[in-house]
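# Architecture at a glance
What follows is the residue order along each chain.
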Amino acid sequence: MSVEVTLPPLCRAKDVAEGQTLGCTVPGQRRKVIVMRHRGALHGWLDACPHYAGGTPMAWKKNEYLNGAGTHLTCHAHGALFDPETGECVAGACLGKRLTRVELRLETDGTVRLAKALEGGKTE
Amino acid sequence: MNIIGPDALVFGVDDIAACTEYLTEFGLKPIDVTDKGGFFEALDGTGVEIRHRDDPSLPTPLPTPTMLRQQVYGVQSTEDLDAIETELSKDRRVTRLADGSLETTDVFDFALKFQVTKRRELVMEAEKINAPGAPAGRAPNELGIYPGMPALPRTLSHTVLFVPDQQKGAEWYVERLGFVITDILVPAGPFLRPKANDDHHTLFFIQTPEYMKGIEHLAFHMGGPTELMVAGSRLARKGFQSFWGPGRHKFGSNWFWYFNSPLGTHFEYDADMDKHDDSWVARQAPMSPQGTQMFLFEWRKRWSPGPGPEGITEGEDTPE
Ligand SMILES: [Fe+2]
């Protein structure tokens with residue numbers, strides 16, 4: 001029998017409009033989770049640019065993770081661009097690396113949660 | 001060649017509105033800024049210019065995602081411009097503009113401009129401190145801090161570039177433009193200062209693959225560590241993303257605090273950097289946490305002990 005663990009809520013689905021991003025804090029975790037709505041679907045990514053080991057925060061301001069045209073997730077440390085569907089770095093400092101996907105679970109009441117606990121990266 | 005240091009950095013950006021918000025909140029003053037961009041200046045008139053990346057008035061971009069389009073160096077006099085023109089014309093195109101300034105490119109194709117400096121002379125006090133055994137820095141009843149105290153960038157301090165060959169870069173800036181190497185971080189690269197500036201560095205190279213060529217960060221000098229902490233805390237409290245710091249570097253002794261930005265580079269507040277003259281002998285240290293920093297802190301929302309078990313955490317929009 002598996003133990004049902006309630007994973008922390010990240011945001012409400014309706015709070016993330018098409019082409020927008022939210023930076024969601026996870027209790028006890030050093031890194032936030034980026035929730036993005038892209039072509040209707042919600043994607044979760046760890047807010048950790050793979051340029052440096054361990055990852056560094058990517059926003060330039062709270063919830064601001066996109067380039068000006070809104071076409072790519074962007075690390076605003078050095079301007080690296082990431083495909084919003086695959087997380088692959090297409091230009092910049094982390095070329096050939098990719099963002100870490102975070103599986104999301106959408107509840108019937110519209111709450112977006114982590115589908116499973118984040119590994120590592122705990123608050124130091 | 002009496003080069004003083006960077007007067008301005010020019011960027012071709014993809015979000016003028018975001019950059020305008022960012023640069024203004026960072027503490028730079030918008031000068032003739034419209035939805036097409038403009039200039040954002042520190043207290044001495046140095047600063048950052050932004051245009052849309054497709055603006056035809058901008059110099060040619062590098063073939064990488066960097067948004068840096070030109071570094072503008074201030075020199076002391078027109079004789080210095082003549083000397084730079086003579087030297088660099090030996091192996092590259094140097095264009096003389098109507099106002100007498102020069103445009104060219106460096107050994108890595110970074111666009112450069114040289115002009116008689118537009119810096120205004122600053123007459124301001126440094127942070128004043130009291131310490132036992134030393135004369136008081138502040139008069140009786142003169143307070144060290146107060147809510148709303150000014151903490152504005154005073155002058156453009158330095159630029160750090162990702163370059164494909166730091167040795168080649170150091171040689172070019174030393175041999176062609178008279179820069180001096182003050183210290184070296186291994187394997188990243190050298191700290192450089194131009195002849196007419198005694199700051200520990202106005203330029204630093206970090207060697208990276210060619211596809212990363214561009215600007216790593218730029219920094220503005222603050223009036224002291226308290227101003228740096230105050231300015232950075234204000235920025236962080238408004239939701240801007242701290243990247244590294246606050247802390248204090250070993251080489252240069254400068255306090256630092258780096259923030260992400262929508263200009264594809266870090267913006268740094270620095271304070272209290274060492275000064276050097278030509279008698280200084282360059283040191284070497286590894287580019288490591290121990291090699292680069294005396295100490296490092298990380299910003300958090302203010303917290304204080306209180307009557308309850310959890311203490312009191314700062315709320316949103318807490319006044320200073
Ligand atoms: Fe710096």
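Above this text sits the structure in question.
The following paragraphs examine the structure supplied in this document. The shown structure was predicted, so the numbers you read here are calculated from the model rather than taken from an experiment.

Let's shift gears to the pattern of salt bridges. Residues and elements named next belong to chain B. Counting across every chain of the model gives 30 salt bridges over all chains. The shortest N-O distance in the salt bridge between Lys 90 and Glu 87 comes to 2.8 Å. For the salt bridge of Arg 154 with Glu 227, the shortest nitrogen-to-oxygen distance reads 3.4 Å. Linking Arg 154 in the loop between strand 8 (111-116) and strand 9 (155-163) with Glu 227 in helix 4 (residues 225-237), this pair joins segments that are 73 residues apart in sequence. The exposure class assigned to Arg 154 is buried, which follows from its relative accessible area of 12%.

Under the counting rule described, the total for this entry stands at 0 disulfides over all chains. Cys 49 of chain A forms no disulfide, and the closest cysteine sulfur to it belongs to Cys 94 of chain A, at a distance of 3.4 Å.

Glancing now at the pairing of strand 11 (residues 189-193) of chain B. Residue and element names in this part refer to chain B. The element strand 11 is extensively covered by neighbouring structure, given that 5 of its 5 residues are classed as buried. In this sheet, strand 11 lies alongside strand 10 (residues 180-186) in antiparallel orientation, the contact comprising 5 bridges. Within the sheet, the bridge partner assigned to Asp 183 lies in strand 11 and is Phe 191. Counted along the chain from strand 10 to the antiparallel partner strand 11, the turn is 2 residues long.

Turning our eyes to something else, we now look at the side chain of Thr 74 of chain A. Residues and elements named next belong to chain A. Mapped onto the elements, Thr 74 comes out in strand 5 (residues 73-75). Polar contacts involving the side chain of Thr 74 include one to the main-chain carbonyl oxygen of His 72, which spans 3.2 Å. Discounting residues that sit within four places of it in the chain, Thr 74 has contacts with Met 58, Tyr 65, Leu 66, Asn 67, Gly 79, Ala 80, Leu 81 and Phe 82.

Another aspect to go through is the environment of Gly 239 of chain B. Position of Gly 239 of chain B relative to the elements: it lies in the loop between helix 4 and strand 14 (242-249). On a C-alpha basis, the gap between Gly 239 of chain B and Gly 5 of chain B in space is 31 Å, while along the polypeptide they are 234 residues apart. Contacts of Gly 239 of chain B, omitting those with residues within four sequence positions, involve Lys 61 and Lys 62 of chain A.

Turning to the coordination of the iron ion, a few remarks are in order. All names here are of chain B. Within the first shell, the iron ion binds the protein through His 158 (NE2), His 217 (NE2) and Glu 268 (OE), at distances of 2.0 to 2.1 Å. In the primary structure, the donors to the iron ion are separated according to the pattern H-x58-H-x50-E. Within this pair, whereas His 158 is found in strand 9, its partner His 217 is found in strand 13 (residues 214-221), the two being separated by 59 residues in sequence. Across the pair, His 217 and His 158 agree in class, each one buried.

This brings us to the packing of aromatic side chains. All names here are of chain B. Per the counting criterion, the structure on display carries 23 aromatic pairs over all chains. Ring plane angle 85 degrees and centroid distance 5.3 Å describe the contact between Tyr 173 and Phe 179, whose orientation is recorded as edge-to-face. According to the relative accessible area criterion, Tyr 173 is buried, its value standing at 0%. A ring pair is formed by Phe 256 and Tyr 258, whose centres lie 5.5 Å apart and whose planes are at 50 degrees; its orientation type is tilted. Here Phe 256 matches Tyr 258 in class, with each residue buried.

Turning next to the interface of chain B and chain A. Taken residue by residue, the interface counts 23 residues in chain B and 21 residues in chain A. Note on chain B versus chain A: buried area summed over both sides is about 1800 Å², and carbon and sulfur give 57% of it. Of all residues in chain B, Tyr 211, Gln 241 and Phe 243 of chain B give up the largest surface area on contact with chain A, accounting jointly for 25% of the area buried on that side. Linking chain B with chain A are 2 salt bridges, by the criterion used here. The residue Glu 298 of chain B makes a salt bridge to Arg 30 of chain A at a minimum N-O spacing of 3.5 Å. Run the count over chain B and chain A and you get 9 residue pairs in polar contact (both at pLDDT 80 or more). Sorting the residues of the side of chain B that touches chain A by element identifies helix 1 (16-26) and strand 14 of chain B as the ones contributing at least two each. Ranked by the residues each element gives to the side of chain B that touches chain A, the list is headed by helix 1 of chain B, at 3 residues. Its residues placed into classes, the side of chain B that touches chain A shows 9 nonpolar, 8 polar and 6 charged.

A few words now on empty space enclosed by the protein. Considering all chains together, one arrives at 2 cavities of 30 Å³ or more under this definition. Roughly 100 Å³ of volume is contained in the largest cavity. His 78 of chain A together with Thr 66, Phe 162, Met 212 and Lys 213 of chain B are the residues nearest the centre of the largest cavity, which is lined by 13 residues in total. Looking at the lining of the largest cavity residue by residue, the classes come out as 6 nonpolar, 6 polar and 1 charged. Here the second largest cavity defines a volume of roughly 40 Å³. Across the lining of the second largest cavity, the residue classes tally to 5 nonpolar, 3 polar and 2 charged.

Residues and elements named next belong to chain B. What you see with strand 7 (residues 102-105) is a clean split: Leu 102 and Thr 104 sit on the buried side and Glu 103 and Thr 105 on the side with no burial. Across 2 bridges, the pairing between strand 6 (residues 95-96) and strand 7 is antiparallel. In the sheet register, Thr 95 faces strand 7, and the bridge partner there is Glu 103. Bridge count between strand 7 and strand 8: 4 bridges; the pairing is antiparallel. If you follow Leu 102 over to strand 8, its bridge partner there is Phe 114. Between the end of strand 7 and the start of strand 8, which pair antiparallel, lie 5 residues, with Asp 109 showing a positive phi angle near 75 degrees.

Procedures and definitions
Every chain's residues receive numbers from 1 upward, in the order its sequence appears when written. Chains carry letters from A onward and ligands carry numbers from 1 onward, assigned in written order. Only residues with pLDDT of at least 70 are given local features in this predicted model, and only at 80 or more are side-chain atom pairs given and counted; all residues enter the totals for whole chains, interfaces and linings. Values reported for side chains reflect all heavy atoms of the structure, with hydrogen atoms and water molecules removed beforehand. We define a salt bridge as a side-chain nitrogen of Lys or Arg found within 4 Å of a carboxyl oxygen belonging to Asp or Glu. By the criteria applied, helices consist of DSSP H or I runs no shorter than four residues and strands consist of E runs no shorter than two, each listed in order from the N terminus. Throughout, exposure labels follow a simple rule: accessible area from a 1.4 Å probe, protein chains only, divided by the maximum for the residue type, with under 20% read as buried, over 50% as exposed, and the rest as partly exposed. Disulfides are defined as cysteine sulfur pairs within 2.5 Å. A pair of strands is labelled paired if DSSP reports no fewer than 2 bridges between them. N or O atoms closer than or at 3.5 Å make up a polar contact, with two conditions inside protein: a donor-capable atom paired with an acceptor-capable one, and, for residues adjacent in sequence, both atoms drawn from side chains. Should any heavy atoms of two residues lie within 4.5 Å, those residues are considered in contact. Listed donors are limited to N, O and S atoms within 2.8 Å of the metal, widened to 3.2 Å for Na, K and Ca; water is not among them, so incomplete-looking sites are possible. Put simply, two rings from Phe, Tyr or Trp (the six-membered ring, in Trp's case) pair if the centres are within 6.5 Å, and we call them stacked under 30 degrees between planes, edge-to-face over 60, tilted for the rest. We define buried area as the total accessible area lost by two parts upon association, computed with a 1.4 Å probe and summed across both. For this classification, the nonpolar set comprises Ala, Val, Leu, Ile, Met, Phe, Trp, Tyr, Cys and Pro, the charged set comprises Asp, Glu, Lys and Arg, and every other residue, Gly included, is treated as polar. Each cavity reported here is a set of points on a 1 Å grid over the protein atoms alone in which a 1.4 Å probe fits but cannot get out, each pocket an open set with protein on both sides within 12 Å along at least five of seven lines, and each lining residue one with an atom within 4 Å of a point. Grid points are joined across faces, edges and corners, and a volume is the space filled by probe spheres set on the points.

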